[in-house]
Amino acid sequence: MAALARLQARLSGLREEYFRRQRSLDEDRKIKYKAAVKIQSWFRGCRVRAYLRYLIKMVIFIQKWWRGYRSRRHFRKMVETAYFIMKMNFYNEMAVRIQKRWRGYYVRKYIHNYYALKKYLEAISVKNKIVRNELQEYTEMKEKEEKRKDLEKKEKEKKYQARKMHYLLSTEQIAGIYNSPFRKSPDPMELLLRKSKPLSHRRQQMKSPFAYELCDRPTCKRPPTFPTAQPLPPVDRQKPQGPFRDTAEVLRQRYKPLEPTLRVAASINSPLEKAREEMKREEWRNCIHDNEFLPFSSYHKNEKYDPSIHTLGKYSQEAYGIKHFREVQPKKWVSDKDFQTVLPSIVLFEKFGKTYSRTGQIV
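Remember, predicted model here, so these are calculated numbers, not experimental data.

Peer 1: Account for the overall build of the protein, with residues named and values stated.
Peer 2: If you tally the helices and strands in the protein, you get 9 helices and 0 strands. The burial tally for the protein puts 4% of its 363 residues in the buried class. Within the protein, counting contacts between residues at least 6 apart in sequence, those at least 24 apart form 45% of the total. Carbon and sulfur atoms provide 59% of the accessible area of the protein, an area that totals close to 38400 Å².

Encoded structure:
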């Protein structure tokens, strides 16, 4: 019992001691944990940094190696490309030389043959000489022909002058101007005057003043025509003195076209009768059959009435013309709106139902 009492007396101290020891253990544990964490973090940091250094070195090495490889490969490609270009240029130059030599040989032998060209030039020179000779002969012939024509023209002119001056011919009593007594032989013009005949002058036929009035009256079938531009008067003709008008104006007034009045131009028959006759001719012309319809006679009593094709059909009766003149189908409408007006409205229709007549009624 005493031991139990002592234990009960020490129970509070044991609790405090137990709490103190547990607390010190927890603190030691925390210190050790922090130390272990610090050691682990330092070790891991060293390890990771070493690994990172290794990785960085490896990456730098790989980059250097790749850049060198790529530069070497690029340089190799550049060298290969340059070598290929040089080789192709050399081959092209050699091909051009071969083609030049071959084309020169082919052209000189088959196309522009020296001996054939020489023969061709010789033939051209011969042909040129022949053509020049022909042209020279043609020019000489043309010159001779022109000279002959000039001589013929001069001879014709001399003959005409001789016929015109035939009155200068010398007679037995009086010598002419071309037959001088001081000359041994007469002049060639004198001989030409003896051979030629005198020139006969044509007499101008004067129109009778009565013939113009009888033939060119307004009653003729063809009316007279007047020139639009007035002809120039003759030199010797002088304007008559006095209050006289121009001849063209007088003729224009004399032969002006007929302008009948309304009474003369209108028809004798009534226009109503003419319209009726024209209507009869139009009906007779447009008639389909010759059976004339007589409404107030018994001619059509026994005939059967033929229905119209438009009003009676095979299936049903058409309402067009009886009930409506325009079919309305709202199902086919695109929209309910009205059509937009493009043209301007008519002013006369807009005034309908808005104006008043003289009697005061709405029109």
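Peer 1: Outline the confidence of the model for the protein, listing residues and values.
Peer 2: When the pLDDT values of the protein are averaged, the result is 77; 69% of them are 70 or greater. Across residues 209-220, where pLDDT falls below 50, the model places 6 contacts with residues more than four positions away in sequence or in other chains.

Peer 1: Account for a negative patch on the surface, naming residues and giving values.
Peer 2: Where like charges cluster on the molecular surface, the negative patch consists of Glu134, Glu137, Glu140, Glu143, Glu146 and Asp150. Relative to the elements of secondary structure, Glu140 occurs in helix H3 (residues 114-164). Taking the relative accessible area as the measure of exposure, Glu140 reaches 39% and is therefore partly exposed.

Peer 1: Describe in detail the pattern of salt bridges, supporting the description with residues and values.
Peer 2: Here the idea is simple: oppositely charged side chains can pair when their charged atoms come close. Going through the model one piece at a time under the given rule, you end up with 10 salt bridges. With its nearest N and O atoms 3.6 Å apart, the salt bridge here joins Glu190 to Arg194. Taken as a pair, Glu190 and Arg194 lie in helix H4 (residues 188-195) at a separation of 4 residues, close to a single helical turn. On the basis of relative accessibility, which here comes to 0%, the residue Glu190 falls in the buried class. By relative accessible area, Arg194 is classed as partly exposed at 47%. Taking the shortest distance from any N to any O, the salt bridge between Arg285 and Glu282 comes out at 2.5 Å.

Peer 1: Can you break down the packing of aromatic side chains residue by residue, with the values?
Peer 2: For the coordinates displayed, the defined rule picks out 7 aromatic pairs. Pairing Trp65 with Tyr69 gives two aromatic rings, centres 5.6 Å apart and planes at 5°, and the pair type is stacked. Here Trp65 pairs with Tyr69, and both are found in helix H2 (residues 11-111), just 4 residues apart, close to one helical turn. The exposure class assigned to Trp65 is partly exposed, which follows from its relative accessible area of 48%. Their ring planes at 35° and their centres at 5.9 Å tell us that Trp102 and Tyr106 sit as a pair that is tilted. Of the two residues, Trp102 and Tyr106 both sit in helix H2, 4 residues apart, roughly one turn of that helix. Counting every residue linked through ring pairs, the aromatic cluster contains Trp102, Tyr105, Tyr106 and Tyr110.

Peer 1: Residue-level account of H2, with values.
Peer 2: In this model, H2 (101 residues) spans 140 Å end to end at C-alpha, consistent with the 150 Å of a helix rising 1.5 Å per residue. Along H2, the residues that are buried comprise Gly45, Gly68 and Gly104.

Cut-offs used in this document
- Residues numbered from 1 in each chain as written.
- Predicted model: local features only at pLDDT ≥ 70, side-chain atom pairs only at ≥ 80, totals over all residues.
- Heavy atoms only, no water.
- Helix = DSSP H or I, 4+ residues; strand = E, 2+ residues; numbered from the N terminus.
- Buried < 20%, exposed > 50% of the residue type's maximum accessible area, 1.4 Å probe, protein only.
- Contact = heavy atoms within 4.5 Å.
- Areas by Shrake-Rupley, 256 points an atom, 1.4 Å probe, with all protein chains shown as cover.
- pLDDT = per-residue confidence, 0-100.
- Patch = residues over 30% accessible without salt bridge, like charges linked within 9 Å, V, L, I, M, F, W, Y side chains within 5 Å.
- Salt bridge = Lys/Arg side-chain N within 4 Å of Asp/Glu carboxyl O.
- Lys, Arg positive; Asp, Glu negative; His and termini not counted.
- Charge placed at Lys NZ, Arg CZ, Asp CG, Glu CD.
- Phe/Tyr/Trp six-rings, centres within 6.5 Å; stacked < 30°, edge-to-face > 60°.
- Expected span 1.5 Å × (residues − 1).

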